[in-house]
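Survey of secondary and tertiary structure
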Amino acid sequence: MISPKFFYDTLASYGIDFYAGVPDSLLKNLCAYITEHADVAHNIIAANEGGAIGLAAGHYLAIGQPACVYMQNSGEGNIINPLASLTDPEVYHIPVLLLIGWRGRPGVHDEPQHVKQGKVTTGLLNVMGINYEVLSKEEDKAAKQIDKAVAALHKKEVFALVIEKDTFEDYKLQNVDQNDLTMSREEAIQTVAAALGERDCIVSTTGMISRELFEYRAAMNQGHERDFLTVGSMGHASQIALGIAMAKPERKVWCFDGDGAAIMHMGSMAIVASKHPQNFMHVIFNNGAHDSVGGQPTVGLEIDLPAVARAVGYRQVASVSSKDELTSFLADVERQEGPMLLQVCVKKGNRKDLGRPTTTPVQNKEALMGFLKD
């Protein structure tokens, strides 16, 4: 495997010292090293991957040095537009080095939301005319691949290094920024789910939130038909929930969102508010971290998400940070009208034995559709 220090220092030797991106589990060791060795002006965790390309382009325009953008392969969809209409040689001809975690690589077992992404990862790069290398796990070979990438950057090209599982040696964040909140996300999810009406449904975002909701239902011997577990499509859960809410105005529809997911496509909140769905209840479990991919920070706890919701037109907004506050708020929630946004501030982390959904995405979809027909 490759030392994160080796990779970071090698890029630095070529003058590449600006990073932007969205963290990925296959890159978590490298991202942890970057977090602790690049200052805040040289490592920006972006709202989404397309935004990271914009940051890289701005850096290049300012000083003439290419930047490095890191992401999971699920983020390729977000970068297609800026790659085609900003960095491309037929437009502005701006070089960028891409680091892409290859989840769902064919032949490697992974979660269902990564299977298709894994199959098309390199194909999308080919279609976009982007040269790439699958980064070697041997440092001497990796050094030559980086040299090849840098040569492409000097020609003002975009070049991708595709990262397989177990490419980087283990590196843990040494200075973990723990918030001082006491309520766990799992406890908060259980508290909210327990307060819902029997005809209410939930659309939960990707990552730990859907996993914790699934395990709550299992622990309570309940079925999963009331929940749509959005195991992929990060940032789009609120729009799925809005689509259901508008078609089923007689039911309350809850979106269980995360801070990273909500920030990724924050404009969706404006669309929710503009439609005035009285049955739409938006809960953001905010721990200021991308918990599912290594705990890298978001700006979730540094900004006022309820104020954003109020500004775009949500009927009601609230924020709680303890179980007592949450329980008190939920006491009469069934009588409240949406669109409502409830921010639940929680501590980072999850229990180590947290499982994953045992139903397939298609089974989950069909069960929910059956529930909504009743």
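What counts as what
Residues numbered from 1 in each chain as written. Predicted model: local features only at pLDDT ≥ 70, side-chain atom pairs only at ≥ 80, totals over all residues. Heavy atoms only, no water. 1 Å grid on protein atoms, 1.4 Å probe; cavity = no way out; pocket = protein on both sides within 12 Å on 5 of 7 lines; lining within 4 Å. Points joined across faces, edges and corners; volume = space filled by probe spheres on them. Helix = DSSP H or I, 4+ residues; strand = E, 2+ residues; numbered from the N terminus. Nonpolar A, V, L, I, M, F, W, Y, C, P; charged D, E, K, R; others polar. Buried < 20%, exposed > 50% of the residue type's maximum accessible area, 1.4 Å probe, protein only. Arc of directions from axis to C-beta. Polar contact = N/O pair within 3.5 Å; in protein donor to acceptor, adjacent residues only side chain to side chain. Pairing = 2+ DSSP bridges. Axes fitted to C-alpha atoms, helices over the stretch in contact; angles between N-to-C directions. Parallel < 35°, antiparallel > 145°, perpendicular 65-115°, else oblique. Left-handed = near helix turned anticlockwise from the far one by under 90°. Contact = heavy atoms within 4.5 Å. Expected span 1.5 Å × (residues − 1). Salt bridge = Lys/Arg side-chain N within 4 Å of Asp/Glu carboxyl O.

The tally for this structure, following the rule as stated, stands at one cavity of 30 Å³ or more. What the largest cavity holds in volume is close to 40 Å³. If you trace the largest cavity, you find it lined by E76, I79, I80, L83, L124, L125, M128 and I130. Those elements that place two or more of their residues in the lining of the largest cavity are helix 4 (76-87) and helix 5 (112-127). Ranked by the residues each element gives to the lining of the largest cavity, the list is headed by helix 4, at four residues. Broken down by class, the residue content of the lining of the largest cavity amounts to seven nonpolar, no polar and one charged.

Moving on: helix 12 (residues 305-312). Restricting attention to buried positions, one finds in helix 12 the residues L305, P306 and A309. Considered in projection along helix 12, the buried side chains sweep an arc of 105° and stay on one side of the axis. Exposed and oriented more than 90 degrees from the buried face of helix 12 are R310 and A311. The N-cap of helix 12, judged by a side-chain oxygen 3.1 Å from the amide nitrogen of A307 a few residues on, is D304. Positive phi shows up at G313, right after helix 12, with a value of about 120°.

So, on to the pairing of strand 7 (residues 201-204). Where burial is concerned, the two faces of strand 7 agree: the one with C201 and V203 and the one with I202 and S204 are both buried. As defined by bridge partners, strand 7 adjoins strand 9 (residues 253-258) across four bridges and the pair is classed as parallel. Looking across to strand 9, one finds that V203 is bridged to C255. Across three bridges, strand 7 lies against strand 8 (residues 227-229) in parallel orientation.

Right, let's get into the environment of T327. Examined against the element boundaries, T327 turns out to sit in helix 13 (residues 323-330). When its relative accessible area of 42% is taken as the criterion, T327 is described as partly exposed. Separated by 31 residues in the primary sequence, T327 and T358 place their C-alpha atoms 30 Å from one another.

Contact pair helix 9 (residues 237-247) / helix 11 (residues 267-275): the axes reach a minimum separation of 10 Å and the direction vectors enclose 15°. If you check the angle between helix 9 and helix 11, you find them roughly parallel. Relative to helix 11, the crossing made by helix 9 is left-handed. In contact with S238, Q239, L242 and M246 of helix 9, helix 11 contributes S268, I271, V272 and K275. In terms of residue class, the contact of helix 9 with helix 11 is built from four nonpolar, three polar and one charged.

Turning our attention to helix 6 (residues 139-154). Over its 16 residues, helix 6 runs 22 Å from end to end, which matches the ideal 22 Å to within 8%, given 1.5 Å per residue. Where the residues of helix 6 are buried, they touch helix 1 (4-13), strand 4 (96-101), strand 5 (131-134) and strand 6 (158-163). Note on helix 6: the residue one or two positions beyond its end, K156, has a positive phi of about 65°.

Two pairing modes exist for strands in a sheet, parallel and antiparallel, and in both the strands are linked by backbone hydrogen bonds. Pairing is parallel in the open sheet, where six strands are placed in the order 8-7-9-10-14-13. Since the sheet does not close on itself, it has two edges, and those belong to strand 8 and strand 13 (316-320), each with one partner. For this sheet, the mean angle separating the axes of adjacent strands, direction not counted, is 15°.

In this section: the pattern of salt bridges. This model, assessed by the stated rule, comprises 15 salt bridges. The shortest N-O distance in the salt bridge between R105 and E164 comes to 1.9 Å. Of the two residues, R105 is situated in the loop between strand 4 and helix 5 and E164 in the loop between strand 6 and helix 7 (185-194); the sequence distance between them amounts to 59 residues. Classification of R105 by relative accessible area gives partly exposed; the value is 26%.

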